[in-house]
Amino acid sequence: MAERLKIAVFASGKGSNLESILNSIESCKIIHADIVCVISNNSNAGALEIAKQKNIPAVHINREQYLTDEEFNVALIKKLNEFAANFIVLAGYMKMLSSTIIRKYKNRIINIHPALLPKFGGKGMYGIHVHEAAIASGDKVSGATVHFVDEEYDHGSTIMQETVNIDTTETAGTLAAKILKIEHKIFPEVVRLFSEGKIYNEDGKVVICK
Ligand code: GRF
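Let me sum up the structure you'll find in this document. Quick caveat, the model's predicted, so the values are computed rather than measured.

Focus on the packing of helix H1 (residues 16-26) against helix H6 (residues 172-195)
Turning to step 1, where the next piece is worked out: Interhelical geometry of H1 versus H6 gives an angle of 50° and a closest axis separation of 9 Å. As summarised for this structure, H1 and H6 are arranged oblique, according to the angle between their axes. Relative to H6, the crossing made by H1 is right-handed. Side by side, H1 and H6 meet where Ser16, Asn17, Ser20, Ile21 and Ser24 of the first sit next to Leu180, Glu183, His184, Phe187, Pro188 and Val191 of the second.

Following this line, the structure appears as structure tokens:
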């Protein structure tokens, strides 16, 4: 059995994906992982509130609190070490992690994106913009992607995707809601597979042993 996952969740917003992973842990769908801290750049993030309610350390830390990138990164790594995090889940985190952290946690950082990457990803593709672009493209399907994080936005190897139809009457808002629902399904599923040692990234080729 793989070592127990000690997950640091990074989130900037509402925290519904954080909640979906917590629910899977609480209902014992995931039994080999704990969320050891929730980290946010945004002091008003719903994710921090959720963490506090669950007695999970909630850390508000952002670049503006430090004089240099270097100092900020040292402080962030110190936090990850303090909670002995060995895995990072980006659940709506709106900032890029430093290359030091990305290298330190190679193949141990995952992100969720509300589109079928490589479509509608990259800089500027966040929130409602993603769904507006998907509808404007004329595509008949969109979906969600869980992927490894590397040093480019929305770029690392894909781990899992699920699709939804884009209906003729679809708006960006209805599409966002449909996709969020499947995010809450596939993100905890990927965390579970990781915690059971069933996902490997072999030079960009992702292997899942279900
Ligand atoms: C999700 O749509 C996710 O795909 C994106 O940010 C959003 C976060 O939502 N990366 P929530 O804060 O988990 O509700």
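So that's the structure; there's more coming.
Concerning the pairing of strand S9 (residues 205-208)
Turning to step 1, where the next piece is worked out: Relative to S9, strand S8 (residues 199-202) is paired through four bridges, and the arrangement is antiparallel. If you follow Ile199 over to S9, its bridge partner there is Ile208.
Turning to step 2, where the next piece is worked out: Between S8 and S9, which pair antiparallel one after the other, the connecting turn spans two residues, and Asp203 there sits at a positive phi close to 50°.

Topic: the packing of helix H5 (residues 128-136) against H6
Turning to step 1, where the next piece is worked out: Orientation of H5 relative to H6, taken along the N-to-C sense of each, is 110°, at an axis distance of 9 Å. On the basis of their axis angle, the class for H5 and H6 is roughly perpendicular. Considering how the two elements wind past one another, H5 and H6 form a crossing that is right-handed. Counted together, Ile128, His131, Glu132, Ala134 and Ile135 of H5 and Ala172, Gly173, Leu175, Ala176 and Ile179 of H6 form the full contact between these two elements.
Turning to step 2, where the next piece is worked out: Classifying every residue of the contact of H5 with H6 gives seven nonpolar, two polar and one charged.

Definitions and cut-offs
- Residues numbered from 1 in each chain as written.
- Predicted model: local features only at pLDDT ≥ 70, side-chain atom pairs only at ≥ 80, totals over all residues.
- Heavy atoms only, no water.
- Axes fitted to C-alpha atoms, helices over the stretch in contact; angles between N-to-C directions.
- Helix = DSSP H or I, 4+ residues; strand = E, 2+ residues; numbered from the N terminus.
- Parallel < 35°, antiparallel > 145°, perpendicular 65-115°, else oblique.
- Left-handed = near helix turned anticlockwise from the far one by under 90°.
- Contact = heavy atoms within 4.5 Å.
- Pairing = 2+ DSSP bridges.
- Nonpolar A, V, L, I, M, F, W, Y, C, P; charged D, E, K, R; others polar.

Don't take any of this as a statement about function, it's just geometry.
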